[in-house]
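Descriptive analysis of the structure
Given next are the chains, with one letter for each unit.
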Amino acid sequence: MLMIIGLSLACSDSDIERISVTGYDIELPREHVESELNKLFSSCGEITDVHIPETRNSSLWSHAFIYFVGQGTADKALQLNGSDMGGWTVHAEAYPFLSKNDNCVELEVQGYDTSLSESDIKCELSKLFSSCGKVGHVIICDSFSIVYLVGEDAIDKAPKLSGTDMGGGRKALVRFVAYHGRNIFHPRRHKWRIISGRPDVKPKMAAKMKIIKKPKRTAKKKIIKKPKMTLD
């Protein structure tokens, strides 16, 4: 549910805030869940996006993402944690944006054992990134985690950990979240959702395919064979 109608384009980065939400039934229709979340959190401020990604099997993620415009809106939204939605309970979690002044990067990490408990997953991620810096905020989703990694050289070291053996035949996959600055909508709505390169370098458009023109076919000249001369 993308809602930016009437939004002032002059809003500053500091006005944009966001949270993540869990607790809903992933079997419910996506439009229903997004509508219910919009109704609940609309009292906190102007909502610009309520987004629930879908898996490859078209089922809902267990995490929804809500974007606001207005300072303090995220704090107000977190106060609604535990709200009863008539059959399910809202679990709201902070999902802060990174500061340009921080030596911090936001990563999407896959490849670990998703059957582990949240505490064990966080422990595994801390071990994985121990050579790069300190793992800060972590949001554990269905098949991956969003990790805030703080470290002076984290931006250079983190992607090199892709391919690390995580046990059980699993390999780590580390990618930068590919939005630049603060967006009023979830980055997966953006064309360049996730990239593997540095997050401070805007991804380039794919190179155009070189079209090789085939030579025009020309009608073959009909070769008339002359009869062989024979001696009488």
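Predicted model, so just to flag it, every value in this text is computed and none were measured.

It is worth spelling out the sheet that holds strand S2 (residues 46–51) at this point. To summarise the sheet geometry, strands pair through backbone hydrogen bonds and adopt either a parallel or an antiparallel arrangement. Taken in spatial order, the four strands line up as S2-S3-S1-S4 in an open sheet, and their pairing is antiparallel. Here the strands that pair on one side only, and so sit at the sheet edges, are S2 and strand S4 (91–94). For this sheet, the mean inter-axis angle between neighbouring strands, taken without regard to orientation, is 30°. With six bridges joining them, strand S1 (residues 16–22) and strand S3 (residues 64–69) adopt antiparallel strand pairing. Note that in S3 the partner of Glu 17 across the bridge is Phe 68. In the packing of helix H1 (residues 30–41) onto the sheet, the strands contacted are S1, S2 and S3, and the crossing angle to S2 comes to about 155°.

So, on to the pattern of salt bridges. Scanning the model with the defined rule gives five salt bridges in all. Here Glu 36 ties to Lys 39 by a salt bridge, and the two come within 3.7 Å at their closest N and O atoms. With Glu 36 and Lys 39 both in helix H1 and three residues apart, this pair spans about one turn of that helix. Accessibility expressed as a relative area gives 56% for Lys 39, which makes it exposed. The closest approach of N and O atoms between Asp 113 and Arg 170, which form a salt bridge, is 3.8 Å.

Moving on, we come to helix H3 (residues 118–128). Those residues of H3 that fall on the buried side of the exposure criterion are Ile 121, Leu 125 and Leu 128. Taken end-on, H3 shows its buried residues confined to a sector of 55°, consistent with a single buried face. Facing away from the buried side of H3, by more than 90 degrees, are the exposed residues Ser 119 and Lys 127. Next to the buried residues of H3 lie strand S5 (104–110), strand S6 (134–140), strand S7 (145–150) and strand S8 (165–167).

The next subject is the packing of aromatic side chains. Across all of its chains, the model carries four aromatic pairs by this definition. A centroid spacing of 5.6 Å and a plane angle of 50° characterise the contact between Phe 65 and Tyr 95, whose relative ring orientation is tilted. You can see Phe 65 sitting in strand S3 and its partner Tyr 95 sitting in the loop between S4 and S5, a full 30 residues away along the chain. Ring-pair connections join several aromatic residues into one group, and the members of that group are Trp 61, Phe 65, Tyr 95 and Phe 144.

In a soluble, globular protein the nonpolar side chains are often hidden away together inside. In this structure, Val 105, Leu 107, Val 109, Leu 125, Leu 128, Phe 129 and Leu 149 are the most contacted members of the largest nonpolar core, which totals 22 residues. At the level of elements, S5, H3, S6, S7, helix H4 (154–157) and strand S10 (173–177) are the ones that each hand at least two residues to this core. Here Val 109 is in contact with Leu 125, Leu 128, Phe 129, Phe 144, Ser 145, Val 147 and Leu 173, once residues within four sequence places are set aside. Formed by 21 residues, the second largest nonpolar core is a distinct cluster that contains Ile 19, Leu 37, Val 90 and Ala 92.

As a further point, take H1. The terminal C-alpha atoms of H1, which comprises twelve residues, lie 17 Å apart, in line with the 16 Å expected from a rise of 1.5 Å per residue. Restricting attention to buried positions, one finds in H1 the residues Val 33, Glu 34, Leu 37, Leu 40 and Phe 41. The arc that holds the buried residues of H1, viewed along the axis, is 125°, so those residues lie on one side. Among the exposed residues of H1, those pointing more than 90 degrees away from its buried face are Glu 31 and Lys 39. Packed against the buried residues of H1 are S1, S2, S3 and helix H2 (73–78).

Analysis parameters
Residues numbered from 1 in each chain as written. Predicted model: local features only at pLDDT ≥ 70, side-chain atom pairs only at ≥ 80, totals over all residues. Heavy atoms only, no water. Pairing = 2+ DSSP bridges. Helix = DSSP H or I, 4+ residues; strand = E, 2+ residues; numbered from the N terminus. Axes fitted to C-alpha atoms, helices over the stretch in contact; angles between N-to-C directions. Contact = heavy atoms within 4.5 Å. Salt bridge = Lys/Arg side-chain N within 4 Å of Asp/Glu carboxyl O. Buried < 20%, exposed > 50% of the residue type's maximum accessible area, 1.4 Å probe, protein only. Arc of directions from axis to C-beta. Phe/Tyr/Trp six-rings, centres within 6.5 Å; stacked < 30°, edge-to-face > 60°. Core = buried A, V, L, I, M, F, W, Y, C linked by side-chain atoms within 4.5 Å. Expected span 1.5 Å × (residues − 1).

Without other data, these values stay purely geometric and don't point to any function.
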